[in-house]
Structures are given as C-alpha cells and as structure tokens.
Amino acid sequence: MLSTKSILVVALAASTHADVYLHNMRGSNNRLDEARRDRNNANRMFDSQNNNRGGNNVGSLYFYASERLPLEWTNQHGCGNDANDCQLIVQYMCDDRLRDGVTTRTIPQTPAQCANGDCNNDARYGMHESYDYYMNCRYRKRNMGLFNADRNLNGRTARFTRQNNNGNRNGYECPEERDNYPYWHPTPWIDLAVMTDTPSRHCAWYQAESENVKGRQYCSLVDKWYHHMIANGGNGNNGFIPNTEETCLALNEETSQMMTFLSAQALAATQQQMAAITEENARCESSMLDLQAACAGAANVTACSAYTTFFGNASKFVTVDAMEAACPICPDSGSSAGLPMLHPFANCHSCGPSSCDASAFSMPIEIPATNTSNATTMCASGSVMDTLSSMCITSACAGQFVQRTGAEQEETDTCRQTEVGSTKIL
C-alpha cells in the first residue's frame, strides 16, 4: 500500500490527498467498483480532499517482487510556483489485513456491526489503518500547540484538526496524523521518499525525524482501564489517553482516576473471592461435622460408610504446597522465564533469579540527623536501595526482578482455579 502527502496532509494506500491524483500505481480516491463517474462514498477509507470524479475503480493488477515501478501523480496545487513552499511525502504500509473490501460503505467503528465482532478482519469493508489505531486516535488528547488559524475545533482529541474541525471519520484514518508530518505518535506508515523545493532547509531534518530512524513514544494504558473507558464513551470529545509523558505518568499516582478505578476493581474481586472462600469453608466444616456425627459410634472410623462415601466422592485432594508448585507465582515462562524467585518484600508480584532469595535483602542503616543534615538511610557496603521495596538489596541482585504483567497474573490465577476445581485444599 502506497501513499503520498502534499504539504501537511497524509494520503492513504494507493491513493492521495490534497488534490494529488495518483496515476501509477493507480489511486482509488475512495472508489471501489462504482458504475458511474462520481464515487459513492468520499469517507470510505481516507480523506482524499479531492473531487468526487477522481480516482480509479479496483482492478486486477499484479506486481512482482523486485519489479521496478514508475510512480506517477498530478498535484493540482502548491508545487511549481516559486512563491509556494512545497513538500511531497511518499509512504507505504505493510499489513496482511489491508484490503479493498466489497462494499462502498465505511468500515464501522462499533465492533458489534462487524462479523464476529471483529472489524479488523471483516473482509466486506475496505481497510487501511486498524480499528485499534483509530480508537487510540479518537480518544487521545490532541497536540494543543498546533496552528488552527480561525477554526473552532469541536473537540480536544487527535481526530479534531484545523482541516477536520468537526471530527469527521474517514475509515480508520487518524486526522491529526494525516494533517501533520513528521508525526510524533507511532503510525503504521513507513516513509519511502520526501521531495522538497528547499532541500538545504528540509532534507537533513526529514531524515533525522522520520519514524524510519527515530522511534516514537506513547502512553500504554492498563487494559481494564482502557476498555472500561471505551465502553463508557471515552470521555467523549475530550478523550482520556494522554499525549505527553508528564500526563501519562500522572495516571500512576494513587489519587488518579485510573488508580481509583483499578483499586475499586481489585477490592471488589478480593471481596468476591473472600466471600467464596468463606462459603466453601463453611460448607466443608459442616460436612466434616456431619461426618463426625455419623461416625461417632464406629470403633474404626475407616469402617464408617459415611467416611468412605465422603472421601470416595472427592475426585482428588490437593495441598497448598502442591498447588503452588503446580501453579507458581513465578513460573519459568513469560516475563519470569528463568526467574523463579518471588520478590519477598515487594507489594507487586515480581520475579527474580533463584540466587536472590530473602538473604539478598537487609534493612537500611539509619543515619541520625545532625546540625548540618537531615536524618537519612543508607545501605551496607555491597548493597543498594531496592527500587521495589524499602529494603536494601545486594548489588548482584539489584535490577534483576521483573514485575509480572496483569495477563500473566491472570494465567496463574486461572491455573490455580483449575488445579483446585471442586476439591478441598487440605
């Protein structure tokens, strides 16, 4: 998939933007297989900003690996006039899910409207960028430092720009990324070429800032919080996904909206688990009391039919030690591969090498306050402050513990539930 940009406007695969008409490889201008001159849907996959009669219908064209192709286009405005500043950016994309589709309808933004609830793989609809890419754009805070001229933007997320002030949707394209280059957030587009009429001023900068050579940072949210916010409207046109390091890290503060939500979720899950444990313990205790009463007169308890019935019906018994051995918190897989030792003092489950057990930790040494300094703490020689607890840790073990992800913790919990099943922990 190939795209071209003119000035600060992105174009999409085998298509173009800003009155740029792609001739070879043939650009669609959002056409599919219309039997008339005008296209049916200008918003099908991208915002070409071209008129309705441009572009080509889908055709059976085949290209071969290592084949050399001439790239031909017509840009209607901007270039060729010394009074204008002109840049053309050519990009391409690689994804097994890229497709033309078989309908001119725009791919839905509601998964329930797609086959199997999966819009990314619903072959009826043409698609360039993915559903997840668009939803992140839709609810990510926009760059508030961009030039908006006299346009009043109707929202504060990346889908509202000077050229898209109403937040209109065109396929899964991100308007802020389309209208600005180089873009500061990760994108699926790969730079192929940049043409400029001011090479001495722009070439070195484009080469240094291209995502091909310079990585992009982004705020990765906890899945439960992300899906909770999406399910509840994503804070509407104001969004909720940070676009700066400062606002992203602020979500980790104890009083943030995200941490408050996650704490409530964890508390509810703990209360539910404790209620189930209490109920199971009461049931087990009641069963044992009934068993004792039924076998009270038996000379040999193993001869009591109630005893043999009770224990014979249990599929198996498992000890806590056996369960922890079968489903350890730090299994030799995932992020804890080769790290079987659970951090003995960290609040969150973190795994490290077997050599870093409790003996690798020690209490900090307290240094009393003096007339010239405040009270402080320090670690003995050969140890440093542990970043995961308030303890000191040997230099050899420092930085060796890796915190388990939420998904990996859920795997352990599921394993233990399966291991215990309906049996009793003895």
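Preceding this paragraph is the structure being described.
The structure contained in this document is the topic of the report that follows.

Basis of the calculations
Here the residue numbering is sequential within each chain, running from 1 through the sequence in written order. This being a predicted model, a pLDDT of at least 70 is required before a residue's local features are given, and a value of 80 or more before pairs of side-chain atoms are given or counted; all residues contribute to the totals for chains, interfaces and linings. Just so you know, side-chain values use all the structure's heavy atoms and leave hydrogens and water out. Pairing between two strands requires that DSSP report at least two bridges joining them. In DSSP terms, a helix is any run of H or I states spanning at least four residues, a strand is any run of E spanning at least two, and both are numbered starting from the N terminus. Working definition: a disulfide is two cysteine sulfur atoms within 2.5 Å of each other. Residue exposure (1.4 Å probe, protein chains only): buried if accessible area is under 20% of the type maximum, exposed if over 50%, otherwise partly exposed. Stacked, tilted and edge-to-face are the three classes assigned to paired rings of Phe, Tyr and Trp, where Trp is represented by its six-membered ring and a pair needs centres within 6.5 Å; plane angles under 30 degrees give stacked, over 60 edge-to-face, the rest tilted. Ring-over charges, as used throughout, are those where CZ of Arg or NZ of Lys falls within 6 Å of the ring centre and within 35 degrees of the ring normal. Take a side-chain nitrogen of Lys or Arg and a carboxyl oxygen of Asp or Glu: if they are within 4 Å of each other, that pair is a salt bridge. Every angle, taken between N-to-C directions, lies between 0 and 180 degrees, and every axis is a line fitted to C-alpha atoms, over only the stretch in contact when it is a helix. Any angle that is under 35 degrees is reported as roughly parallel, and any over 145 degrees as roughly antiparallel; angles of 65 to 115 degrees are reported as roughly perpendicular and all others as oblique. Contacts are residue-level and defined by heavy atoms, with any inter-residue pair within 4.5 Å sufficient. Three residue categories are used. Nonpolar comprises Ala, Val, Leu, Ile, Met, Phe, Trp, Tyr, Cys and Pro, charged comprises Asp, Glu, Lys and Arg, and polar comprises the others, including Gly. Put simply, buried Ala, Val, Leu, Ile, Met, Phe, Trp, Tyr and Cys residues joined by side-chain atoms within 4.5 Å make one nonpolar core. Any residue with relative accessible area above 30% and no salt bridge may belong to a patch, with like charges joined within 9 Å and the nonpolar Val, Leu, Ile, Met, Phe, Trp and Tyr side chains within 5 Å. Under the convention used here, a 1.4 Å probe and the Shrake-Rupley method define accessible areas, while residue burial counts only the protein chains that appear. The convention is simple: Lys and Arg are positive, Asp and Glu are negative, and His and the chain ends are not counted. Lysine's charge is taken at NZ, arginine's at CZ, aspartate's at CG and glutamate's at CD.

1. Structural notes on the sheet that holds strand S8 (residues 350-352)
Think of a sheet as strands paired side by side through backbone hydrogen bonds, with each pair either parallel or antiparallel.
Phase 1: Strand order in the open sheet made by the three strands is S7-S8-S14, with antiparallel pairing throughout. The open sheet has two edge strands with one neighbour each: strand S7 (341-342) and strand S14 (402-403).

2. Things to note about the state of the cysteines
Phase 1: According to the stated counting rule, one finds seven disulfides in the structure shown.
Phase 2: Sulfur-sulfur distance for the disulfide between Cys219 and Cys248 comes to 2.1 Å. With the S-S dihedral at roughly 85°, the linkage between Cys219 and Cys248 falls on the right-handed side. Here Cys219, found in the loop between helix H3 (199-209) and helix H4 (223-231), pairs with Cys248, found in helix H5 (residues 245-250); they are 29 residues apart in sequence, far enough to count as distant. Here Cys219 and Cys248 have matching classes, each one buried.
Phase 3: Here Cys356 pairs with Cys397 through a disulfide, and the sulfurs are 2.0 Å apart. Between Cys356 and Cys397 the disulfide shows an S-S torsion of about -95°. By sign, it is left-handed.

3. A few points about the packing of aromatic side chains
Phase 1: One pass over the structure, following the stated rule, counts ten aromatic pairs.
Phase 2: Geometrically, the ring pair formed by Tyr183 and Trp184 is tilted, given 4.6 Å between the ring centres and 45° between the ring planes.
Phase 3: Taken together, the ring pairs in this structure connect Tyr131, Tyr134 and Tyr172 into an aromatic cluster.
Phase 4: The lysine or arginine in question, Arg169, covers the ring of Tyr134, its NZ or CZ lying 5.9 Å from the ring centre.

4. Observations concerning the pattern of salt bridges
Phase 1: Enumeration over the complete set of coordinates arrives at nine salt bridges.
Phase 2: Here Asp95 and Arg97 are joined by a salt bridge, their closest N and O atoms 3.2 Å apart.
Phase 3: When its relative accessible area of 29% is taken as the criterion, Asp95 is described as partly exposed.
Phase 4: The class for Arg97 is partly exposed, based on a relative accessible area of 27%.
Phase 5: One salt bridge connects Asp122 with Arg124, and the closest N-O pair in it is separated by 2.6 Å.
Phase 6: Among the charged side chains, a network of salt bridges with common partners joins Asp47, Glu173, Arg178 and Asp179.

5. Here's the deal with the packing of H4 against helix H6 (residues 257-294)
Phase 1: At a minimum axis separation of 10 Å, H4 and H6 run at an interaxial angle of 105°. If you check the angle between H4 and H6, you find them roughly perpendicular. Between H4 and H6, the residues in contact are Lys224, Trp225 and His228 and Gln257, Met258, Phe261 and Leu262, respectively.
Phase 2: Class assignment of the residues belonging to the contact of H4 with H6 gives a composition of four nonpolar, two polar and one charged.

6. Digging into the sheet that holds strand S13 (residues 392-394)
Phase 1: Strand order in the open sheet formed by three strands is S9-S13-S12, with antiparallel pairing between adjacent strands. The open sheet terminates on both sides in strands that have one partner only, identified here as strand S9 (361-362) and strand S12 (383-385).
Phase 2: Here S12 pairs with S13 via three bridges, running antiparallel. Across the sheet, Ser383 pairs through a bridge with Thr394, a residue of S13.

7. Quick look at the nonpolar core
Phase 1: Formed by 23 residues in total, the largest nonpolar core has its most connected members in Met135, Tyr172, Leu221, Trp225, Tyr226 and Phe240.
Phase 2: For this core, the element with the highest residue contribution is H4, accounting for four residues.
Phase 3: Apart from the residues lying within four places of it in its own chain, the contact partners of Leu221 are Tyr226, Phe240, Ile241, Pro242 and Leu251.
Phase 4: Core analysis: the second largest hydrophobic core is formed by seven residues, Phe361, Met391, Ile393 and Cys397 among them.

8. Regarding a nonpolar patch on the surface
Phase 1: A cluster of nonpolar side chains, Leu61, Phe63 and Leu69, forms an exposed patch at the surface whose accessible area comes to about 260 Å².
Phase 2: Given a relative accessible area of 40%, Phe63 falls into the partly exposed group.

9. A look at the pairing of strand S5 (residues 87-92)
Phase 1: By the criterion of burial, S5 is predominantly enclosed, with five of the six residues buried.
Phase 2: Bridge count between S5 and strand S6 (residues 190-196): six bridges; the pairing is antiparallel. Each residue of the ladder has a partner; that of Gln87, found in S6, is Thr196.

10. A short note on a negative patch on the surface
Phase 1: Taken together, Asp223, Glu410, Glu411 and Asp413 make up a surface patch of like negative charges.
Phase 2: Looking at the negative patch, the element that brings in the most residues is helix H9 (residues 406-420), giving three residues.
Phase 3: Inspection of the secondary structure puts Glu410 in helix H9.
Phase 4: A relative accessible area of 43% means that Glu410 is categorised as partly exposed.

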